[in-house]
Amino acid sequence: MLEKAYDPQVTEDRIYQMWEDSGAFKADAKSTKESFTVSMPPPNATGQLHLGHAVMLALEDIFIRFARMQGKEALWLPGTDHAAIATESVVIKKIQKEEKIRDPRAKFGRTELVRRIAEFVEKSQGTIRSQIRKMGSSCDWSRERYTMDPSLNRCVNEVFQKMYKDGLIYQGFRVVNWDTALQTTISDDEIEYQDREGTLWTFEYLSAEQTGGEPLAVATSRPETKLGDNAIIVHPDDERYAHLVGRHFEVLWPGGVTRHVTVVADHSVDREFGTGTIGCTPYHSKIDYEIWQRHKEEIFADPQQVIGEDGLMTENAGDFAGLSVEKCRQKFVEGLQKQGKLLKEETYVQPLSISYRSKQPVEPIPKLQWFIDVNKKVVVWKKKKMSLKEVLQEVVRSKDICIIPDRFEKTYFQWIDNLQDWCVSRQIWWGHRVPVFYCRNCMDAQDSTDQGSGIRDQGVYVSVEGLDKCSECGSSVTQDPDTLDTWFSSGLWTWSTLIDPVLTGDYSLDLPDLLAQSPDFQKFHPTTVMETGYDILFFWIARMILMTTYATGQIPFKTVYLHGLVRTRDGKKMSKSDPSTCIDPLEIIPKYGADALRMSMIVGQSPGNDFRLYEEKIGGYRNFINKLWNASRFVLMTCESADVDPHSAEGSGIRDQGSGKLPLADRALLSSLQDLIEEVTNSLEGYRLSEAGERLYSFVWDYFCDWYLELSKGEANPQLLVHALRTILILLHPYCPFVTEELWSHFKPKDAGMLIKEPWPVAEKKSKNAQAQQDLQIVINVISAIRSLRADYNVEPSALITAIIHSKKYAKLLESQRSHIERLGRVEFLSIDSQPQQHEHVASAFLKDTEVHLPLEGIIDFSKECTRLAKEQDDLQKFL
RNA sequence: GGGUGGUUAGCUCAGUUGGUCUAGAGCGUCUGGUUUACACCCAGAAGGUCACAGGUUCGAUUCCUGUACCACCCACCA
């Protein structure tokens, strides 16, 4: 016999082990069944399971279990991510702290540091793997991948090479986002904006003497960058400055630096803001860089880099060289003041670019980097040549890819509209290294010094398998020191994980060969649904679409399901830096069970919307799991007392008995089960997980337990009970796999296997009986009315009473259900007739087509009732 | 500045093609309760002019327009 309460702790790990050992998670590429594939968004290899993962795992496990039970060849491919910058900085910090080494990069060198990071990842990878299992995730561990696997590296190199050949990847000297803390570039999407209170300084840029009239003033929040100016920009229609446009000036800055600037007219200037002029600093502002590019011909002087990679002022900053940006700013302003040029100093709120990774301000600096061109029309898609940008738009616009909820399509398009070339190179060591090799010898031999268009320069080789010697001159080559943005390899995730690792060692094969000869890729790609938080729509979803359509000619997935972010009880974001705001799934699971946690994150939530999670909510679903447990216990006890073996109970026998023979409640139950199957299936197929979960919850608790089981007491049909329970367990299994699998072992038919492999039920028309359902509802309403009246008139709960029911329409029906009404309403004398009659001293309830009366004489003590009412009146008066 | 979402019981939220919504759930509250599983339970109850103002309609929480407040995304360091 089952324990009185369900204990997930003694069950879950055992069940998971059983599943895993049985091979139930394993997908078969040779199968002829329709495939259903989910690529698990790979958690950070060194990470800890948090609620974001938990939501993802719960949702995807529901998709995959449902598909598996529906008879599809279901593959859920798990994996971990090398999380380039994040991991490298964690390990560096660890070494700094534990080994007291200030600069581990300098101390160990590249090879050794990378080895140490790999070692650290290796060690900690096991943690996240076991934590994923804790959630009940039925993923195919035999196909686990890691974004730094050699086979994935092969894919990365192949794609890089293909893009290089197509001219989609190029090296360019540009103003990039430099993270001074992490000492690397970051992409535009890795920037966050924060409003900070700053100062806007207005100063005299050109004197009255220089302009020959009014002095020209410029406003800036970054005076120190003015040392790198080579122009002043004004609006073409601005009459104040029209006479200066095209003229060159010499400016002497504090710090003893002299610069030549040209006054240039450009429409990007807002005449209303500040003085209507901009000091143009091409090397420390992307906007200014663009302006410079537009007016290169007119501008006399070259721009100057005055801030270095270390965040300190460069030699070009004259006396300020070596100072920090902040210090220089202060000195510079003081200098202006001394020169008598400072006109105004006001505070204002300015947006500040912050690195998503280090949370430090981003410094725009000029650098030679690798970029992916998103506008070049060389991608063949649906027989047309398009740019990457256009393909990104096309696949969603044409509904090849659907996003749930669909409003995110708009967000997606908006992002694409603003998309610029993607900077993919990073100055860190942990990651996929740029597969480009340089031969100094050949490069030096070449006289071109044009940095901007150096993509096909001599001595530059892109190699998939690596290169030692230059193919031209035979001298040794050096590999590009940079690594690729972590999203470059993540962008390949849906298919690089399906490439046969045995093939990737064979360099005689090209990318199309690899794709064509990998059975997993052929069977399981494109994947069916990609599920992730909406916060990485741009970072990852869009990148996967970009990289995959280009590299494989296929979309990466058909549907994108975006879940909301988990928030605290107060609606705040849970942040790692403040553990008190976090709910730790690893603490919750032992306490409430993974099943309860899963349901609490799915039911009552809608995709794309944030939701708040707190312990009581999880507790509520723990209670539900326990309710299901106890209902099963009851069914088991019923079987026992009727001497029926639950394993040999025959479901189909019940259904074939013919609906006429079964009692009303049984007919209604059978019929309701068909509705349930239909509705749950429909909801799940439409990815409406909350709806299906809620339906199941309410069916089990409010209908099956509260009414059917109560009605069945005393005249239970064990066969039918077992049949109903089996159906419930099957339908609930995707939501709460552990408890249902455990209970299934007590109820499964003799020849059945584990629940995880049980076929999904199909609703049977012949079991449907709308009349029975309606009739049962009438009976339920009558019983509820009696109970309600009893409570209203404070009838002793244990007292047996008299009840009178008048109903022309339902008299016959109610008569046939007399025993149920009597038992559940605690009625001793029940009179049912079809004619309404007048009664005195009765409590009455009027239902549609039915009246329920309880004679009060004798059941309630009127004197006691008077005292009670008097007291109540008293209380109310006091309250008033 | 551009865009998106939210505003429904004390709290957290469902409500998918406008009429079984005289508006639902969970938690909380109140009144009772050892009834052949379950107190992680059972029975009963209270509690909402579905943000506000217009419009379309026979009829709107549901569609349209506007307003307010709260989130979020994107752009912008003059």
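Residues numbered from 1 in each chain as written. Chains lettered and ligands numbered in written order. Predicted model: local features only at pLDDT ≥ 70, side-chain atom pairs only at ≥ 80, totals over all residues. Heavy atoms only, no water.

> Is there a simple way to think about the overall build of chain A in this case?
Helix and strand counts for chain A stand at 28 helices and 31 strands. Against the 2.2 N^0.38 benchmark of 29 Å for 880 residues, chain A shows a C-alpha radius of gyration of 36 Å, more extended than a compact globule. Over its C-alpha atoms, taken along the principal directions, chain A stretches across nearly 110 × 75 × 55 Å. Expressed as a percentage of its 880 residues, the buried residues of chain A come to 55%. (Helix = DSSP H or I, 4+ residues; strand = E, 2+ residues; numbered from the N terminus. Rg over C-alpha atoms; globule rule 2.2 N^0.38 Å. Buried < 20%, exposed > 50% of the residue type's maximum accessible area, 1.4 Å probe, protein only.)

> Explain the nonpolar core to me, please; I cannot follow it from the model alone.
Within soluble globular proteins, side chains that are nonpolar tend to cluster in buried spots. Counting 135 residues, the largest nonpolar core has Met-601, Phe-704, Leu-732 and Tyr-735 as the members making the most contacts within it. Per element, the largest residue contribution to this core is 13 residues, and it comes from helix α2 (residues 51-69). Dropping the residues within four chain positions of it, Phe-704 is found in contact with Ala-631, Leu-669, Phe-699, Leu-709, Leu-721, Ala-724, Leu-725 and Ile-728. One finds Ile-403, Trp-422, Val-434 and Leu-515 within the second-largest nonpolar core, a separate group that totals 69 residues. (Core = buried A, V, L, I, M, F, W, Y, C linked by side-chain atoms within 4.5 Å. Contact = heavy atoms within 4.5 Å.)

> So what exactly am I meant to see when it comes to the pattern of salt bridges here?
Close approach of charged atoms allows side chains with opposite charge to pair. All told, the structure shown has 47 salt bridges when counted by the stated rule. For Glu-742, the salt bridge is made with Arg-14, and the minimal N-O distance between the two is 2.4 Å. One end of the pair, Glu-742, is in helix α24 (residues 737-747); the other, Arg-14, is in helix α1 (residues 8-22), with 728 residues separating them in the sequence. You can call Glu-742 buried: its relative accessible area is 12%. Here the salt bridges share partners, and the residues they tie into one network are Glu-99, Glu-112, Arg-115, Arg-116 and Glu-119. (Salt bridge = Lys/Arg side-chain N within 4 Å of Asp/Glu carboxyl O.)

> I'm lost on the packing of aromatic side chains in this one. Help?
Per the counting criterion, the structure on display carries 34 aromatic pairs. Joined through ring pairs, the aromatic side chains of Phe-160, Tyr-164, Trp-370, Trp-422 and Phe-488 make up one cluster. One Lys or Arg, Arg-174, reaches over the ring of Phe-371 and ends 4.7 Å from the middle of that ring. Arg-543 extends its terminal NZ or CZ atom over the ring of Trp-422, reaching a point 4.1 Å from the ring centre. (Phe/Tyr/Trp six-rings, centres within 6.5 Å; stacked < 30°, edge-to-face > 60°. Lys NZ or Arg CZ within 6 Å of the ring centre and 35° of its normal.)

> Quick question: what am I supposed to make of the sheet that holds strand β25 (residues 557-563) here?
Whenever strands of a sheet pair, they do so through backbone hydrogen bonds, lying parallel or antiparallel. Taken in spatial order, the three strands of this open sheet run β17-β25-β24, and their pairing is parallel. The outermost strands of the open sheet, each flanked by one partner alone, are β17 (402-404) and β24 (527-533). Taken pair by pair, the neighbouring strands of this sheet meet at an average axis angle of 20°, ignoring direction. Here β24 runs beside β25; their pairing, made up of six bridges, is parallel. If you follow Thr-532 over to β25, its bridge partner there is Leu-562. Sitting on the sheet, helix α16 (residues 537-552) touches β24 and β25, and the angle it makes with β24 is about 165°. (Pairing = 2+ DSSP bridges. Axes fitted to C-alpha atoms, helices over the stretch in contact; angles between N-to-C directions.)

> Help me understand the environment of Gln-837, please; the structure alone is not making it clear to me.
As for its placement among the helices and strands, Gln-837 is situated in the loop between β29 (827-833) and β30 (842-847). As a C-alpha pair, Gln-837 and Ile-805 span 32 residues in sequence and 9.9 Å in three-dimensional space.

> Before we go on, may I ask you to explain unusual backbone geometry in this structure?
In terms of backbone geometry, most residues other than glycine have negative phi values and most peptide bonds are trans. Following Ile-404, the chain continues to Pro-405 via a peptide bond in cis, the omega torsion being -5°. Of note, Pro-405 is situated in the loop between β17 and α10 (407-417). Pro-526 follows His-525 through a cis peptide bond whose omega is 0°. Residue position: Pro-526 is located in the loop between α15 (519-524) and β24. With a phi close to 55°, Asp-643 is a non-glycine residue in the positive phi region. Along the chain, Asp-643 turns up in the loop between α19 (615-641) and α20 (651-656). Judged by its relative accessible area of 72%, Asp-643 falls in the exposed class.

> Would you mind showing me how to read the protein's contact with RNA strand B here?
Near RNA strand B you find 55 residues, and of these Ser-221, Phe-273, Ile-278, Tyr-348 and Gly-714 are the closest. Here a base nitrogen of RNA strand B sits 3.0 Å away from a polar atom, N or O, in the side chain of Glu-710. Put simply, the parts of the chain that give the surface near RNA strand B at least two residues each are β7 (191-206), β8 (216-220), β13 (342-355), α10, α19, α22 (689-712) and α25 (770-792). Sorting elements by how many residues they give to the surface near RNA strand B places α19 first, with ten residues. Of the residues that constitute the surface near RNA strand B, the class distribution is 22 nonpolar, 16 polar and 17 charged. (Near = heavy atom within 4 Å. Polar contact = N/O pair within 3.5 Å; in protein donor to acceptor, adjacent residues only side chain to side chain. Nonpolar A, V, L, I, M, F, W, Y, C, P; charged D, E, K, R; others polar.)

> When you look at the packing of helix α21 (residues 664-685) against α25 in this model, what are you seeing that I'm missing?
Between two packed helices, what matters for the description is the angle formed by their axes and the separation of those axes. Look at α21 against α25: their axes get within 8 Å of each other, and the N-to-C directions meet at 120°. Our classification of the angle between α21 and α25 gives oblique. The crossing of α21 and α25 is left-handed. Here Leu-664, Ala-665, Arg-667, Ala-668, Ser-671, Ser-672 and Asp-675 of α21 lie close against α25, whose contacting residues are Ala-770, Ala-772, Gln-773, Asp-775, Leu-776 and Val-779. Classifying every residue of the contact of α21 with α25 gives seven nonpolar, three polar and three charged. (Parallel < 35°, antiparallel > 145°, perpendicular 65-115°, else oblique. Left-handed = near helix turned anticlockwise from the far one by under 90°.)

> Could you clarify how one ought to interpret the sheet that holds β29 in this entry?
Read from one edge of the open sheet, four strands run β29-β28-β31-β30, paired in mixed fashion. Every other strand in the sheet has two partners, leaving β29 and β30 as the edge strands with one partner each. Averaged over all pairs of adjacent strands, the angle between strand axes in this sheet comes to 20°, irrespective of strand direction. Sheet analysis places strand β28 (residues 801-806) next to β29, joined by six bridges and oriented parallel. The residue of β29 that forms the bridge with His-806 is Asp-833.

> Teacher, can you tell me more about the pairing of strand β14 (residues 362-372) here?
For a regular strand, side chains alternate in direction, first toward one face of the sheet and then toward the other. The buried fraction of β14 is high, at ten of eleven residues. Pairing between strand β5 (residues 169-179) and β14: eleven bridges, direction antiparallel. Paired with Trp-178 across the strands is Glu-363, a residue of β14. Summarising the sheet, β14 and strand β18 (residues 422-423) pair through two bridges and their orientation is antiparallel. The residue bridging Phe-371 from the neighbouring strand is Cys-423, located in β18.

> How should I be thinking about the environment of Glu-394 in this particular structure?
Mapped onto the elements of the fold, Glu-394 is located in helix α9 (residues 388-397). On a C-alpha basis, the gap between Glu-394 and Lys-768 in space is 45 Å, while along the polypeptide they are 374 residues apart. Setting aside chain neighbours within four positions, we find Glu-394 in contact with Trp-381, Lys-382 and Met-386. A distance of 3.4 Å separates a polar atom in the side chain of Glu-394 from a polar atom in the side chain of Lys-382.

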